[in-house]
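Descriptive analysis of the structure
Now for the letters of each chain:
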Amino acid sequence: MGTEIYYFSGTGNSLTVARDIARKIDGKLISIASVVDRGNIRTDADVVGIVFPVHFSAINGIPGIVQRFVENLENANSKYIFAICTCGGFSAATIENLGKIIESRGGELVAGFTVQMPSNIEAVSVKEQQKLFDEWDNKLEFIHEFVKARNEGEFETMGLPLKIALAPIFFYYKNKTFNFFKKISESSDSDFKQLIWLSDKRFYTDDDCEGCGTCSQVCPVNNIRIIEEKPQWQHHCEICFACLNWCPNGAIHGEWISEEVRYHHSDIEVADMLKQSSFKD
Ligand SMILES: Cc1cc2nc3c(=O)[nH]c(=O)nc-3n(C[C@H](O)[C@H](O)[C@H](O)COP(=O)(O)O)c2cc1C
Ligand code: SF4
Ligand code: SF4
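Residues numbered from 1 in each chain as written. Chains lettered and ligands numbered in written order. Predicted model: local features only at pLDDT ≥ 70, side-chain atom pairs only at ≥ 80, totals over all residues. Heavy atoms only, no water.

When helices and strands are tallied, the protein chain shows 10 helices and nine strands. Its C-alpha atoms put the protein chain at 55 × 45 × 40 Å along the principal axes. Taken over 281 residues, the protein chain has a buried fraction of 53%. Restricting to contacts in the protein chain with at least 6 residues of sequence separation, those with at least 24 account for 73%. Surface exposure of the protein chain reaches about 13200 Å², of which carbon and sulfur atoms provide 49%. Side-chain charges in the protein chain split into 28 positive and 39 negative, and the spacing between the mean points of these groups amounts to 4 Å. (Helix = DSSP H or I, 4+ residues; strand = E, 2+ residues; numbered from the N terminus. Buried < 20%, exposed > 50% of the residue type's maximum accessible area, 1.4 Å probe, protein only. Contact = heavy atoms within 4.5 Å. Areas by Shrake-Rupley, 256 points an atom, 1.4 Å probe, with all protein chains shown as cover. Lys, Arg positive; Asp, Glu negative; His and termini not counted. Charge placed at Lys NZ, Arg CZ, Asp CG, Glu CD.)

This next bit is on a nonpolar patch on the surface. The grouping of Ile169, Tyr172 and Tyr173 at the surface amounts to a nonpolar patch, some 320 Å² of accessible area in total. Within the secondary structure layout, Tyr173 lies in helix H6 (residues 160-185). The partly exposed category is assigned to Tyr173, whose relative accessible area is 42%. (Patch = residues over 30% accessible without salt bridge, like charges linked within 9 Å, V, L, I, M, F, W, Y side chains within 5 Å. Salt bridge = Lys/Arg side-chain N within 4 Å of Asp/Glu carboxyl O.)

Once that is clear, we can look at the pairing of strand E2 (residues 28-31). In the sheet, strand E1 (residues 3-7) pairs with E2 via four bridges, with the strands oriented parallel. Counted as the bridge partner of Glu4 is Lys28 from E2. In terms of handedness, the path from E1 via helix H1 (residues 13-25) over to E2 forms a crossover that is right-handed. (Pairing = 2+ DSSP bridges. Right-handed = clockwise from strand over helix to strand, strands pointing away.)

Glancing now at the domain arrangement of the protein chain. Domains assigned within the protein chain are domain 1 (3-160) and domain 2 (187-274). Arg68 is the partner of Glu238 in a salt bridge, and the nearest nitrogen-oxygen pair spans 3.1 Å. Our count for the domain 1 to domain 2 interface comes out at eight residue pairs in polar contact (both at pLDDT 80 or more). Those elements that place two or more of their residues in the side of domain 1 that touches domain 2 are H1, helix H3 (64-72) and helix H5 (126-148). For the side of domain 1 that touches domain 2, the element with the highest residue contribution is H1, accounting for four residues. Its residues assigned to classes, the side of domain 1 that touches domain 2 shows 11 nonpolar, 11 polar and three charged. (Domains from an automatic or database assignment. Polar contact = N/O pair within 3.5 Å; in protein donor to acceptor, adjacent residues only side chain to side chain. Nonpolar A, V, L, I, M, F, W, Y, C, P; charged D, E, K, R; others polar.)

Taken together, 23 residues form the shell around ligand 1, and within it Ser9, Thr11, Ser14, Val54 and Thr86 come nearest. The contact in question runs from a nitrogen atom of ligand 1 to an N or O atom on the backbone of Phe56, over 3.1 Å. Residue Thr86 places a side-chain N or O atom 2.7 Å away from an oxygen atom belonging to ligand 1. Out of a free accessible area of 640 Å², ligand 1 has 94% covered by protein chains. Those elements giving two or more residues to the shell around ligand 1 turn out to be H1 and strand E4 (80-87). Among the residues making up the shell around ligand 1, the classes are represented as 10 nonpolar, 13 polar and no charged. (Near = heavy atom within 4 Å.)

What follows covers the pattern of salt bridges. For the structure on display, the rule yields 13 salt bridges. A salt bridge links Asp37 to Arg68; its shortest N-O distance comes to 3.9 Å. Here Asp37 is found in the loop between helix H2 (32-35) and strand E3 (47-53), whereas its partner Arg68 is found in helix H3, with 31 residues between them in sequence. Judged by relative accessible area, which is 18%, Arg68 ranks as buried. Between Glu145 and Lys148 there is a salt bridge whose closest N-O contact spans 3.7 Å. Here the residue Glu145 and the residue Lys148 both occupy positions in helix H5, the gap between them amounting to three residues, near one helical turn. Judged by relative accessible area, Glu145 falls into the partly exposed class, the value being 42%.

Roughly 55° is the biggest bend found in H6, and it falls at Leu166, with proline Pro168 one to four residues downstream. For H6, the elements touching its buried residues are helix H7 (192-198). Count one or two residues on from H6 and you reach Glu186, which has phi positive near 55°. (Bend = angle between axes of the 7 residues up to and from the residue.)

Okay, the site of ligand 2 next. Within the structure, ligand 2 sits among 13 residues, and Cys209, Cys212, Gly213, Cys215 and Cys247 are positioned closest to it. When its residues are assigned to classes, the shell around ligand 2 shows seven nonpolar, five polar and one charged.

In structure tokens, the structure reads:
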């Protein structure tokens, strides 16, 4: 019985959304990273919320760790399951794709919402960020009422006409993204998840790194070891960009990552991020 809100977040947008909704509906906030590798996941809750950032909407939009979590859900049947994805602009068919995975586990996604938040891969002005935060405040009320009433059938996902119209563009971007990650991961693996894990090979630090360890602490999947006062990435990266965005000195870079963007949600602090990691829950 009860309500559980599972979340994954790199720069705090999804954590803010998850925390706000959990407070409103009196749900328990649970980090996906803290449970995902425990094998089959059972929950006693009758209401389950899943909150996560959109990663690569041209692939399927669902971060690998979130996909693993849903695939490991053992008793998804007969629960009221809703999802909220946060995105920087376009979530495409993310909600629909998540719904299909939940269905394959014997459950049903009864509603799925898309919340636009400041992108953590493209620069967004402070004014535009504030506008998006205000929009979220309004949407929070709507989702709260919707879930409280146990309504069903709201799916903020790409409709069929758009899907057909965008199919060639998505096909192009999918191939481009695969080839790009094969290059930066120095791998010919055809499994996108494996390429993403290895993509941390292109992270590096500059002389401003003072070995404080924040990057290692905020990494939700403990993918960073501090060795001789420098971070070393361990190649099971979920590409959430927490490390480079939370580094107090802006000392982490990736040769393909914009230097213009160093962002995290203003309501979230390092201490909030620490609760997410599997070893620190
Ligand atoms: C690797 C990566 C891929 C992303 N891909 C998309 C995308 O395809 N579409 C989109 O709208 N936003 C995309 N984003 C932006 C995030 O979805 C957005 O900023 C999200 O709110 C971040 O949430 P978080 O702070 O909880 O990590 C991407 C972000 C990252 C790090
Ligand atoms: S957070 Fe930044 S300064 Fe601290 S160890 Fe990591 S890279 Fe270095
Ligand atoms: S290494 Fe950085 S980008 Fe990769 S999962 Fe950890 S915090 Fe996220």
